[in-house]
Amino acid sequence: MTAIRRLSPGTINRIAAGEVVERPASVVKELVDNALDAGARAISVSVEGGGLNRILIDDDGSGMDAAGLALSVERHATSKLPVSDNGEDDLLHIATLGFRGEALPSIGSVARLTITTQTHDDETAWSLTVDGGQMGEVKPAAGRGRPGTRVDVRDLFHATPARLKFMKSERAEANAIADNVRRQALSRPDVAFELIIDGRSRLNVAAEMLDGPDGRKARMADILGRDFGDNALEVDSEREDITVSGFASLPTFNRGSAMHQYLFVNGRPVRDKLLGGAVRGAYQDFLARDRHPVVALFVDAPSGLVDVNVHPAKTEVRFRDAGLVRGLIVGALRHALAGAGHRASTTVSGFALGRARAEGAAAGTQSAMQAGWGNPALGGSSRPPEPGQGFGPGLSARVEPEYRAEGVADAGSQSAPPIDSPLGVARAQLHETYVVAQTADGMVIVDQHAAHERLVYERMKAMMAGQGVARQTLLVPEIIDLDEAEARRILDRASELSEMGLVVEAFGTGAVAVREVPALLGKLDVQGLIRDLADDLAEYDDALSLKEKFEDVVGTMACHGSVRAGRRLTGEEMNALLREMEATPHSGQCNHGRPTYVELKLKDIERLFGRR
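Computed from a predicted model, the values in this text were never measured in an experiment.

1. Thoughts on the sheet that holds strand β11 (residues 242-249)
With mixed pairing, the 5 strands of this open sheet are ordered in space as β10-β11-β16-β13-β14. The open sheet terminates on both sides in strands that have one partner only, identified here as β10 (232-239) and β14 (268-270). Neighbouring strand axes in the sheet, compared pairwise and without regard to direction, differ in orientation by 20° on average. As defined by bridge partners, β10 adjoins β11 across 8 bridges and the pair is classed as antiparallel.

2. As for the packing of helix α5 (residues 170-187) against helix α6 (residues 212-224)
Closest axis-to-axis distance for the α5/α6 pair is 9 Å, and the angle between their directions is 165°. Considering the angle they form, α5 stands roughly antiparallel to α6. Where α5 crosses over α6, the handedness of that crossing is right-handed. Side by side, α5 and α6 meet where Arg182, Ala185 and Leu186 of the first sit next to Arg219, Met220, Ile223 and Leu224 of the second. Here the contact of α5 with α6 is built from residues that sort into 5 nonpolar, no polar and 2 charged.

3. Focus: the environment of Asp33
Considering the arrangement of structural elements, one finds Asp33 in helix α2 (residues 24-37). Residue classification places Asp33 among the buried residues on the basis of a relative accessible area of 3%. It is 5.8 Å that separates the C-alpha atoms of Asp33 and Leu97, two residues lying 64 residues apart in sequence. In this view, Asp33 contacts Leu97 and Gln184; residues no more than four positions away in its chain are not counted. In terms of polar contacts, Asp33 uses its side chain to reach the side chain of Gln184, at 3.1 Å.

4. Quick notes on the pairing of strand β9 (residues 200-205)
Pairing of strand β8 (residues 192-197) with β9 involves 5 bridges; the strand directions are antiparallel. Of the residues in β9, the one forming a bridge with Glu194 is Asn204. Taking the residues that link successive antiparallel strands as the turn, the β8-β9 hairpin has 2 residues, and the phi of Asp198 there is positive, at about 50°.

5. Focus on the pattern of salt bridges
By the definition in use, this model includes 27 salt bridges. Between Asp155 and Arg112 there is a salt bridge, and its shortest N-O distance comes to 2.5 Å. Linking Asp155 in the loop between β7 (148-154) and α5 with Arg112 in strand β3 (residues 112-118), this pair joins segments that are 43 residues apart in sequence. Put simply, Glu505 and Arg515 hold a salt bridge, and the shortest N to O gap is 2.7 Å. Of the two residues, Glu505 sits in strand β24 (residues 503-506) while Arg515 sits in strand β25 (residues 511-518), which places them 10 residues apart along the sequence. Classification of Glu505 as partly exposed rests on a relative accessible area of 33%. What emerges from the salt-bridge pattern is a single network uniting Asp58, Arg144, Arg146 and Arg150.

6. Here's the deal with helix α13 (residues 484-492)
An α-helix turns once per 3.6 residues; consequently, residues spaced three or four apart project the same way. Those residues of α13 that sit buried are Glu486, Ala487, Ile490 and Leu491. One side of α13 holds all its buried residues, which, seen down the axis, span an arc of 130°. α13 presents Glu484 and Asp492 as exposed residues on the side facing more than 90 degrees away from its buried surface. Looking at the buried positions of α13, the neighbouring elements they touch are α14 (494-499), β24, β25 and α15 (526-538). Capping the start of α13, Asp483 holds a side-chain oxygen 3.1 Å from the backbone nitrogen of Ala485, two or three residues further along.

7. Focus: the nonpolar core
Across soluble globular proteins, you tend to see nonpolar side chains buried next to one another. Grouped together as the largest cluster of nonpolar side chains are 57 residues, with contacts concentrated most on Val28, Ile43, Val153, Leu156 and Phe193. Excluding residues that lie within four positions of it along the chain, Val28 makes contacts with Val45, Val47, Ile55, Ile57, Ile177 and Val181. Listed in part, the 37 residues of the second largest apolar core include Leu263, Leu297, Ala301 and Val308.

8. Here's the deal with α5
Here α5 is 18 residues long and its end C-alpha atoms lie 26 Å apart, about the 26 Å a rise of 1.5 Å per residue gives. Most of α5 sits out of view: 13 of its 18 residues are buried.

9. Let's talk about the packing of α2 against helix α4 (residues 103-110)
As a packed pair, α2 and α4 sit with axes 10 Å apart at the nearest point and diverge in direction by 140°. Where α2 crosses over α4, the handedness of that crossing is left-handed. Between α2, through Val27, Glu30, Leu31 and Asn34, and α4, the contact on the second element is made entirely by Ala103, Leu104 and Ile107. Taken together, the residues that form the contact of α2 with α4 break down as 5 nonpolar, 1 polar and 1 charged.

10. A few points about the pairing of β25
Within β25, 7 of the 8 residues are buried, which leaves the element mostly enclosed by the surrounding structure. Across 7 bridges, strand β23 (residues 471-481) lies against β25 in antiparallel orientation. Across the sheet, Thr473 pairs through a bridge with Glu516, a residue of β25. Across 4 bridges, β24 lies against β25 in antiparallel orientation. Bridging from a neighbouring strand, Val504 pairs with Val514 of β25.

11. Thoughts on the sheet that holds β25
Within a sheet, each strand pairs with its neighbour through backbone hydrogen bonds, oriented either parallel or antiparallel. Taking strand neighbours across the sheet as the criterion, the 3 strands line up as β23-β25-β24 in an open arrangement whose pairing is antiparallel. Each edge of the open sheet is held by one strand with a lone partner, namely β23 and β24. The average angle at which neighbouring strand axes cross in this sheet is 20°, direction not considered. In the packing of α13 onto the sheet, the strands contacted are β24 and β25, and the crossing angle to β25 comes to about 40°.

12. Section: unusual backbone geometry
Here the phi dihedral of Phe157 falls at roughly 70°; this positive angle occurs in a residue that is not glycine. Along the polypeptide, Phe157 turns up in the loop between β7 and α5. With a phi angle near 50°, Glu432 is a residue other than glycine that sits in the positive phi range. By the element assignment, Glu432 lies in the loop between β20 (425-430) and β21 (434-439).

13. Focus: the packing of aromatic side chains
Aromatic rings considered in pairs are described by the distance between their centres and by the relative angle of their planes. Counted under the stated rule, the structure contains 2 aromatic pairs. Measuring from centroid to centroid gives 4.6 Å for Phe264 and Phe298, while their planes differ by 10°, and the two rings are stacked. Here Phe264, found in strand β13 (residues 261-265), pairs with Phe298, found in strand β16 (residues 295-300); they are 34 residues apart in sequence, far enough to count as distant. Overall, the relative accessible area of 4% leaves Phe298 in the buried class. The positively charged end of Arg216 is found above the aromatic ring belonging to Phe298, 3.8 Å away from the centroid. Against the face of Phe253 rests Arg255, its NZ or CZ located 4.7 Å from the ring centre.

Conventions we followed
Residues numbered from 1 in each chain as written. Predicted model: local features only at pLDDT ≥ 70, side-chain atom pairs only at ≥ 80, totals over all residues. Heavy atoms only, no water. Pairing = 2+ DSSP bridges. Helix = DSSP H or I, 4+ residues; strand = E, 2+ residues; numbered from the N terminus. Axes fitted to C-alpha atoms, helices over the stretch in contact; angles between N-to-C directions. Parallel < 35°, antiparallel > 145°, perpendicular 65-115°, else oblique. Left-handed = near helix turned anticlockwise from the far one by under 90°. Contact = heavy atoms within 4.5 Å. Nonpolar A, V, L, I, M, F, W, Y, C, P; charged D, E, K, R; others polar. Buried < 20%, exposed > 50% of the residue type's maximum accessible area, 1.4 Å probe, protein only. Polar contact = N/O pair within 3.5 Å; in protein donor to acceptor, adjacent residues only side chain to side chain. Salt bridge = Lys/Arg side-chain N within 4 Å of Asp/Glu carboxyl O. Arc of directions from axis to C-beta. Core = buried A, V, L, I, M, F, W, Y, C linked by side-chain atoms within 4.5 Å. Expected span 1.5 Å × (residues − 1). Phe/Tyr/Trp six-rings, centres within 6.5 Å; stacked < 30°, edge-to-face > 60°. Lys NZ or Arg CZ within 6 Å of the ring centre and 35° of its normal.

Structure (structure tokens):
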């Protein structure tokens, strides 16, 4: 065994660089954090070759004098740590993004680093170069004309060429840099950000003049797109000195990965498993497992309740009361989602309009229906069918009676619902699957199965939270043949399923008898329901109670108990569906995050036909 020895300062710096400078994006993050801590109000980032060739960051912060510049590249030298009353450095009340004093010396140990800086009171700028850990002298430089700091990093990892083998493509590294800068720009709407990659502008946002939620929402719209601004719900909640604010998307505005979730703790961008898990928990009732909401959430807590000194890159935090924070985030998000009511994402209708194309009919041709109406010689009437008469079964559509201006249908019929209702008045059913309704300024197309599935699901949730689910006894028990393992999974959960309104018993080997079902499900496919539940239970941990998987189990029941596609509805049934959707929270999306309706505005429809 070799003798223990002290490592050289250069080796120590390179080891530290391995923790702090993981890739070019890490360098950009550390340097932008320094600029923000220095009070910058405008930050420019320029990179070449994915950041491996060059990273240039210029800010208008407070700058440094000559002595401060010399200290800035020494390890563990910082101006950011507060000092407690007893004269010790206070690691429990950190109010800045940086505090370790490791970034600049770590960068200088693996790259060619040049810093040029000037303070407000100094007419002369100062410059310092560090090349592979070798520090030069602080020298006067040409004045910048304003206070601030310019950091030029060239040939990253030239001093440790083995690290270059672990870098991804230039494009991947550039995208990682862009993601980091976007997160930092979202955290500070009051600061202007510019990002240039290989000479092309990737981001350029001015400082927002608005304060509070309005400024944040404007910055989010600039970075995440106007669609997010149009489909974002404001989140604002507080509990025991901890606040959660920001914006979260409607469930129907979702993405295929969690990359579009931006989380901040005391202004610091983080990728924290606790916070990410809380977001998933809040949306699990509304999205499929492979879909993710778009959120930008800001958690603000007294510095003594959160520890940021748990990761070299400061991307993770630890809360003193993690359960409180998780509960606060879940509650705040669910409260915002409940307030959205039946609202669905505007991108759904935008997508539909984008796919629509005006196609001119071939000259001299008519639809068969028009030909039949207009030509008595062909056996057709000279006018269209009377309202309420409906179309032939081959066309799979029906038209409801026209409502008079006073809102009353033909004599003897019930009063019609007002057309200015949010989801309007039902006019037709297409392909025995889609309900078409007329609104005051457009039309709505509803997926009857998806909508009713959501309504049944919400009713079952309300019953479970109240007096329990009412049960309906089957006149003849339904016998379902399963394999022994499937039957055992169902029977092992029989008491829990009973609480949810489903009463099952053993019926010989590999079979179960269903004696009672939830009353609100009405006529349902009991065989399909039991088989799907058996499949679902196979994926659950035996240690978990079904109440912990409540959403999944009830969602499966609701799917089987809802109005199926292919069922013809009457006008009263269609309007009742629309009214219940308006009164039910979260009815704008089904249990899997898909929209239950699409709304098309009249002005948009007119544009399709060139009338606007």
